[in-house]
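# Overview (structure and organization)
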Amino acid sequence: MASTAAAPVALAHGIPGTRDGFRLLYIDEWIIVADKASGLLSVPGRGPDKQDSLGLRVAAEFADALMVHRLDMDTSGLLVIARGAEMHRRLSRMFRERRIDKEYVALVSGQPAATHGEIALPLAADWEKRPRQRVDLVAGKPSLTRYRVADYDGANDIARLELRPQTGRSHQLRVHLQALGHPILGDALYADATAFAKAPRLCLHAARLAFTHPQHGQWLEFASAAPF
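Quick summary incoming for the structure in this document.

Conventions adopted
- Starting afresh in each chain, residues are numbered from 1 along the sequence in its written order.
- Reporting of local features is limited, given that this is a predicted model, to residues whose pLDDT is at least 70; pairs of side-chain atoms are given and counted only at 80 or more, and all residues count toward the totals for whole chains, interfaces and linings.
- Hydrogens and waters are ignored; side-chain quantities use all the structure's heavy atoms.
- Runs of E in the DSSP output that reach at least two residues are strands. Runs of H or I that reach at least four are helices, and both are numbered from the N terminus.
- To sort residues, take the accessible area from a 1.4 Å probe on protein chains only and compare it with the maximum for the residue type: under 20% means buried, over 50% means exposed, and anything in between is partly exposed.
- Contact criterion: two residues are considered in contact whenever any of their non-hydrogen atoms come within 4.5 Å of each other.
- Per-residue and other accessible areas were derived by the Shrake-Rupley procedure at a 1.4 Å probe size, with only the shown protein chains allowed to occlude residues.
- Positive charges are assigned to Lys and Arg, negative charges to Asp and Glu, while His and the chain termini are left out of the count.
- For the purpose of locating charges, the reference atoms are NZ of Lys, CZ of Arg, CG of Asp and CD of Glu.
- The rule is short: rings of Phe, Tyr and Trp, with Trp giving its six-membered ring, pair when the centres are within 6.5 Å, and they are stacked under 30 degrees, edge-to-face over 60, tilted in between.
- Expected span of a helix: the number of residues minus one, times 1.5 Å.
- The directions considered for the arc run from the helix axis to the C-beta atoms.

### A few points about the overall build of the protein
Helix and strand counts for the protein come out as four helices and 14 strands. The C-alpha extent of the protein, read off along each of the three principal axes, is 50 × 35 × 35 Å. Residues counted as buried form 47% of the 228 residues belonging to the protein. Residue pairs in contact within the protein that sit at least 24 positions apart in sequence constitute 58% of those at least 6 positions apart. On the protein, roughly 11200 Å² of surface is accessible, and the fraction owed to carbon and sulfur atoms is 52%. Both charge centroids of the protein, one from 29 positive and one from 25 negative side chains, sit 5 Å from each other.

### A look at the packing of aromatic side chains
Overall, the coordinates contain two aromatic pairs when judged by the stated rule. Among the aromatic residues, those joined into a cluster by ring pairs are Y26, F211 and F222.

### Remarks on helix α2 (residues 85-96)
Along its 12 residues, α2 runs 16 Å from first to last C-alpha, staying within 8% of the 16 Å computed at 1.5 Å per residue. Here α2 has its buried residues at M87, L91, S92, M94 and F95. Projected down its long axis, α2 carries its buried residues within an arc of 155°, all on one side. Looking at the packing, one finds that the buried side of α2 touches β4 (31-36), β6 (76-83), β7 (101-109) and β13 (204-212). Backbone geometry just after α2 places R98 at a positive phi near 60°.

Shown next, in the form of structure tokens:
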């Protein structure tokens, strides 16, 4: 499901490889990098039917594993997981300070007018339609997404976009692309009926993750090919 530019580390207590619903790409004493399949929660949700998650599955193998960030259940791709509270603090700070380089791939309905650009729209929770988010020009939190059109399929009116979120708001990429007029295919929350019907899953994938190792400073870069 994925490839990585950083050499995986095989430890006695954990070997990179494919598990049920995810793949471990990198393991050392301080961090784990995983590639999550679509349909698996990152962390447990509310209710007994939403307890299964990547976080719990990884913790079953590595007791000190702590989730630092998350992907929506239907989004696939790369996440970095801390090992222990100190690494969790360091990685959380790196995310807050935007020192983690993230890139996503999405298939969207229609062709954006510009080949690249920025979407700067503040976002807030849509409390009446939870868990949806919405653009809120008054009370929303600043949110910025940079995009580039990588390809366009004119026969099916589908564009492949490379996305670089500069902020980490909930559902940011999904709401921003809907606001741009090009919803992500297969998006049950934000796509119109036509865009939703064009794909059997949400076509959003965390394809690249790069950062300086929080313990020893080595530059790490991971890549995962989009499965759509």
